[in-house]
Amino acid sequence: MLPTQQNAIKRPYRLIDIIQETPTVKTLKFKSEFGEIMDFKPGQFVQIGYSGDGSKIDIQRPYSIGSAPGSETLEFYIEMVGGKLTSILDKAKIGEIYNISQPNGKNFEYSQGYNKKSLFIAAATGIAPFLSMLKYIERNNIHEDIILLYSARTRADIIRGQELIEFNMRGIAKVIITLTRAAEDAEWKGESGRVDMDKIRRYAPDITERVAYLCGSNKFNSDMTNLLTSLGLPNDKEHIKRDVWGGH
Ligand SMILES: Cc1cc2nc3c(=O)[nH]c(=O)nc-3n(C[C@H](O)[C@H](O)[C@H](O)COP(=O)(O)OP(=O)(O)OC[C@H]3O[C@@H](n4cnc5c(N)ncnc54)[C@H](O)[C@@H]3O)c2cc1C
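Along every chain, residues carry numbers that run from 1 in the direction the sequence is written. Since the coordinates come from a predicted model, pLDDT governs what is reported: local features require at least 70, and pairs of side-chain atoms require 80 or more to be given and counted, while whole-chain, interface and lining totals use all residues.

### Describing the overall build of the chain
For step 1, the next point in the chain: Helix numbering and strand numbering both begin at the N terminus, where a helix is a DSSP run of H or I of at least 4 residues and a strand a DSSP run of E of at least 2. Per the secondary structure count, the chain includes five helices and 12 strands.
For step 2, the next point in the chain: The globule rule used for comparison is 2.2 Å times the number of residues to the exponent 0.38, while the radius of gyration itself is calculated over C-alpha atoms. Compactness check: the chain gives a C-alpha radius of gyration of 18 Å against a globular reference of 18 Å for 248 residues, within 12% of the reference.
For step 3, the next point in the chain: When the backbone C-alpha atoms are referred to their principal axes, the chain occupies close to 55 × 40 × 35 Å.
For step 4, the next point in the chain: Burial is judged by counting the other C-beta atoms within 10 Å of a residue's own C-beta: 20 or more makes it buried, 12 or fewer makes it exposed, and any count in between marks it as partly exposed, with every C-beta position built from the backbone. Residue burial in the chain is summarised as follows: out of 248 residues, 39% are buried.
For step 5, the next point in the chain: Once local pairs closer than 6 in sequence are excluded, the contacts in the chain between residues at least 24 apart make up 71%. By the convention adopted here, residues make contact when the C-beta atoms placed from their backbones lie within 7 Å.

Printed below as a string of structure tokens:
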């Protein structure tokens, strides 16, 4: 069953903060109307639903949770693409109530001790589940060998860049950000271009010992799967974990 079709139980959450994260992405923070703290694993997603002020409109879409388990608020990084739900979320106001389902997505969750070495690969808003994982890893004092390769279009499109730099500095993960449009930015000193064979070889030469987590569009996930399998990582759920998003 596709994530968008699940009939999960939904609970009311109030929108308590909106941050214009990048030119196209907004961070939306929600708090349970009943003071509940959702029990979820880092890497999971929920359905956010809108019932149109009591009308019969009921639109719901899946979004990865970007906050850490145990937090009072649920945080999401949402690209406003002008579709059915994002058009509504783009105009959302603090104080509005949305319905949020129970967490889902067991295949992508991060579990302590499950894998000692990981390679996280994210594109654009695909960074959301990894932000949750990194916060969880730090809060729980987990020491595992984690590399994060994150691809964004331009410097302005990097989500939570400062937080990622700090995770890197504190040794939670080795974070490498690459800009696909680095040519337009003379001051960018980091990696440029897509995540490719050369970058994986340079940053994760021990790739066959790692578990890869991929989060981006379906095309991105399938391109990354092809790269990883050609470098010797078996194409199965034990070695390559994918968050199945959509076409964009
Ligand atoms: C497990 C999972 C986790 C996800 N997590 C996130 C997340 O953390 N952050 C996030 O941003 N998304 C996430 N998504 C994608 C999200 O669920 C929606 O698909 C997305 O927000 C678009 O919903 P929509 O109703 O606005 O678009 P729809 O109306 O469903 O349109 C579908 C697609 O058509 C395109 N489209 C529609 N209208 C326009 C338009 N006017 N201009 C340009 N393109 C258009 C968009 O590419 C859109 O994705 C996730 C998806 C899955 C399956």
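### Focus: the sheet that holds strand E5 (residues 73-79)
For step 1, the next point in the chain: Think of it this way: DSSP has to see at least two bridges between two strands before they count as a pair. Spatially, six strands are ordered E4-E3-E6-E1-E2-E5 in an open sheet, and the strand pairing comes out antiparallel. If you trace the sheet from one side to the other, it starts and ends with strand E4 (59-64) and E5, each paired once. On average, each strand axis in the sheet is inclined to that of its neighbour by 40°, with strand direction left out of account.
For step 2, the next point in the chain: Pairing between strand E1 (residues 10-20) and strand E6 (residues 97-101): five bridges, direction antiparallel. Looking across to E6, one finds that Tyr13 is bridged to Tyr98. Every angle, taken between N-to-C directions, lies between 0 and 180 degrees, and every axis is a line fitted to C-alpha atoms, over only the stretch in contact when it is a helix.

### Comments concerning the pairing of strand E2 (residues 25-32)
For step 1, the next point in the chain: Across seven bridges, E1 lies against E2 in antiparallel orientation. Following the sheet pairing, Ile18 is matched in E2 by Leu28.
For step 2, the next point in the chain: Two successive antiparallel strands, E1 and E2, enclose a turn made up of four residues.
For step 3, the next point in the chain: The sheet contact formed by E2 and E5 spans seven bridges and is antiparallel. Counterpart to Lys31 in the pairing with E5 is Thr73.

### Description of the nonpolar core
For step 1, the next point in the chain: As used throughout, a nonpolar core is a set of buried Ala, Val, Leu, Ile, Met, Phe, Trp, Tyr and Cys residues joined through C-beta atoms within 7 Å of each other. If you look at the biggest cluster of nonpolar residues, it comprises 62 residues, and the most contacted ones within it are Ile121, Ala122, Phe130, Leu148 and Tyr150.
For step 2, the next point in the chain: With seven residues, helix H2 (residues 128-139) is the single largest residue contributor to this core.
For step 3, the next point in the chain: No fewer than three residues from each of domain 1 (3-101) and domain 2 (110-244) sit in this core. Note that the domain bounds reflect an automated or database-derived domain assignment.

### Details of the sheet that holds strand E7 (residues 117-123)
For step 1, the next point in the chain: On the basis of which strands lie adjacent, the open sheet formed by six strands has the order E10-E9-E8-E7-E11-E12 and parallel pairing. Each edge of the open sheet is held by one strand with a lone partner, namely strand E10 (191-192) and strand E12 (240-244).
For step 2, the next point in the chain: Both strand E11 (residues 211-216) and E12 contribute to a ladder of five bridges, which runs parallel. Bridge pairing in E12 places Leu214 opposite Arg242.
For step 3, the next point in the chain: Across the sheet, helix H5 (residues 218-230) touches E7, E11 and E12, and the angle it forms with E11 is around 155°.

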